[in-house]
Structures are given as C-alpha cells and as structure tokens.
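Analysis of the macromolecular model
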Amino acid sequence: MTDLLLLCTIAGQRAALPALRVQSVVEVSSITPIPGTPPFVAGLTALRSQALTVIDSALAIGLPAAPHGANPRAAVVETGGYLYALLLDGAEDVCEPLGPPMPVTGGFGETWRRVARGMVETGDEPALLLDIEALIAGPQSVAA
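Reference entry: report on the structure contained in this document. (Residues numbered from 1 in each chain as written. Predicted model: local features only at pLDDT ≥ 70, side-chain atom pairs only at ≥ 80, totals over all residues. Heavy atoms only, no water.)

With respect to the sheet that holds strand E1 (residues 5-10)
In plain terms, the rule: At least two DSSP bridges between two strands are needed for those strands to be called paired. Runs of E in the DSSP output that reach at least two residues are strands. Runs of H or I that reach at least four are helices, and both are numbered from the N terminus. For helices, the fitted axis covers only the stretch in contact; all axes are lines through C-alpha atoms, and the angles between them, taken along N-to-C directions, range from 0 to 180 degrees.
The five strands are arranged E8-E1-E2-E10-E9 in an open sheet whose pairing can be described as mixed. Of all strands in the sheet, those bounded by a partner on one side alone are strand E8 (90-95) and strand E9 (116-120). Taken over all neighbouring pairs, the strand axes of this sheet differ in orientation by 30° on average, direction set aside. Note that E9 and strand E10 (residues 127-130) share four bridges and pair antiparallel. Paired with Met-119 across the bridge in E10 is Leu-128.

Brief notes about the nonpolar core
Convention followed: We call a set of buried residues a nonpolar core when its members are Ala, Val, Leu, Ile, Met, Phe, Trp, Tyr or Cys and they connect through side-chain atoms within 4.5 Å of each other. Using a 1.4 Å probe on the protein chains alone, a residue whose accessible area is under 20% of its type maximum counts as buried, one over 50% counts as exposed, and one in between counts as partly exposed. Contacts are assigned to residue pairs with any non-hydrogen atoms lying within 4.5 Å of each other.
With 27 residues, the main nonpolar core has Leu-17, Leu-86, Trp-112 and Leu-130 as its most contacted residues. A per-element tally of this core places helix H3 (residues 132-137) first, with four residues. Sequence-distant contacts of Leu-17, defined by excluding residues within four places in its chain, comprise Leu-4, Leu-5, Leu-6, Cys-8, Val-22, Ala-75, Leu-86, Leu-130 and Ile-132. By size, the runner-up hydrophobic cluster in this structure holds 10 residues, among which are Val-26, Leu-47, Val-54 and Ala-85.

Dropping the structure here:
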C-alpha cells in the first residue's frame, strides 16, 4: 500500500485520514454557527475567501464533544464539490502505512466502527483509518 496517511487524534483516539483527500491542515480562528443544523455541524469558517462547513469530528462519530481550545486545528477535505473542515484534537504527521488496513478489532464500539475503514500499522502504533464521507454524514446516518 503506497497511499500516504495524515495521522491525527480525534476524541483522544489515534486516527488516520487518506492524505490525498486532505487539502491542508489549518487553525480555525472563528466559527459562525448555522441555525437549524445538527449538533455535529459546528458552523462555517472561511479559508482564503472560501466557506467551509466545520464538522466537530467527535460529535460526528457519536462521542462527547472534545475541547478544542481557542484556535482548533482542522483537516480541510472536499467531497461532493463542498469543502469541510474536520476538527481534530491534533495533527501529527504524514506517513506511509506498513500494510493494508486490517479489520477493526473489539474495544472501539459501534461509534468508531461506523466511521473506520480499518486499522493500519504506522510504525509507532496502529491508527484507525477513517472514512471521510461517513464522518461528514454524522451519527444520524446510523438510524437511517
């Protein structure tokens, strides 16, 4: 497997996003709430004159909101022609996985299994490889 991964932390869990899907990692200086949206949609922010929908990744997974501080970091991704900023606890590095994704083993619960495409070895420790579209869809997609 030669696809690079962005190693990050979400809700205290080591995770990975396909690096080819991540346009950049940015600090989000302000978020404007959007009335009537689900709680996992934190609001809108601007990046180089473009509007991004900000997704609270922990809430989108179905976990309690994690504190993000004054200027949280986010991975900017595009899907369906729209830009999203996925809030992260932190972004570590870009690396190449040591092998293909393996099945997610027990101990993570249904919330993580819903958004994980597998477990990947990265050299330091394993990480959950996340499905960006499942993360953006949020927890209500389970009920559908």
